[in-house]
Amino acid sequence: MAAGELEGGKPLNGLLNALAQDTFHGHPGITEELLRSQLYPEVPPEEFRPFLAKMRGILKSIASADMDFNQLEAFLTAQTKKQGGITSDQAAVISKFWKSHKTKIRESLMNQSRWNSGLRGLSWRVDGKSQSRHSAQIHTPVAIIELELGKYGQVYHAHSLPALHLLTLVFLLASDLSHHFKPY
């Protein structure tokens, strides 16, 4: 493969965008064959595969280290001096890409690193029981707490409430608090 075939800024920028979409933003389905046929059609698959792996590795290294621009320049300079590394033109494209996509990639990685749903809302009230199987429990104060749970980064609208996890916890208050609540 001629060195110039993998030098172009536009194809490399497109490749980095596709790798970011696939790796960091949760848009799978971007295949090696699709990338090669759309961005580097003249490059045979056996030569494109190592180039793709190299670019994916570089992008993951930059993102996982959350490199600032000084670290990025030092890293890319080292990559250009390494045998089998990248060219200075490729380093320039990668640097420009990172400068414009760093914030979005970092936010995506932060959202992916959260394990569970988060608390999106909380409401509570205290009710007096008006019915019960046992007459001793009537007029017993009950605290009702509603916790609204949702994934970080997801926006819920009122019409999609079934998708929202609404957890209701009911706690019976101790009988010593019952003197605070008088029946009507």
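As a reminder, the structure under discussion sits directly above these lines.
Reading guide: rules and limits
Residues numbered from 1 in each chain as written. Predicted model: local features only at pLDDT ≥ 70, side-chain atom pairs only at ≥ 80, totals over all residues. Heavy atoms only, no water. Phe/Tyr/Trp six-rings, centres within 6.5 Å; stacked < 30°, edge-to-face > 60°. Buried < 20%, exposed > 50% of the residue type's maximum accessible area, 1.4 Å probe, protein only. Helix = DSSP H or I, 4+ residues; strand = E, 2+ residues; numbered from the N terminus. Lys NZ or Arg CZ within 6 Å of the ring centre and 35° of its normal. Salt bridge = Lys/Arg side-chain N within 4 Å of Asp/Glu carboxyl O.

## Notes on the packing of aromatic side chains
Consideration 1: Evaluated as defined, the whole model comprises three aromatic pairs.
Consideration 2: Each ring, one from Y40 and one from F48, has its centre 5.7 Å from the other, and the planes form 40°; the classification is tilted.
Consideration 3: Here Y40 falls in the buried class, since its relative accessible area comes to 3%.
Consideration 4: Residues F48 and F51 carry aromatic rings whose centres are separated by 6.4 Å and whose planes lie at 50° to one another, so their mutual orientation is tilted. Taken together, the positions of F48 and F51, both in helix α3 (residues 45-64) and three residues apart, correspond to about one turn of that helix. With respect to class, F48 is no different from F51; both count as buried.
Consideration 5: Taken together, Y40, F48 and F51 form an aromatic cluster joined through their ring pairs.
Consideration 6: In this structure, K102 is placed above the aromatic ring of F69, and the distance from its NZ or CZ to the ring centre is 5.6 Å.

## A look at the pattern of salt bridges
Consideration 1: The full count for this structure, using the stated rule, is five salt bridges.
Consideration 2: Where R36 meets E33, a salt bridge forms, and the shortest distance between an N and an O atom there is 3.1 Å. In this pair, R36 and E33 are both assigned in helix α2 (residues 32-39), three residues apart and thus about one turn of the helix distant.
Consideration 3: Owing to a relative accessible area of 13%, R36 belongs among the buried residues under this scheme.
Consideration 4: Ionic pairing is found between R106 and D66, a salt bridge with its closest N-O pair at 3.0 Å. Placement of the pair is R106 in helix α5 (residues 88-113) and D66 in the loop between α3 and α4 (69-81), with a sequence separation of 40 residues.
Consideration 5: Under the relative-accessibility criterion, R106 is labelled partly exposed at 41%.

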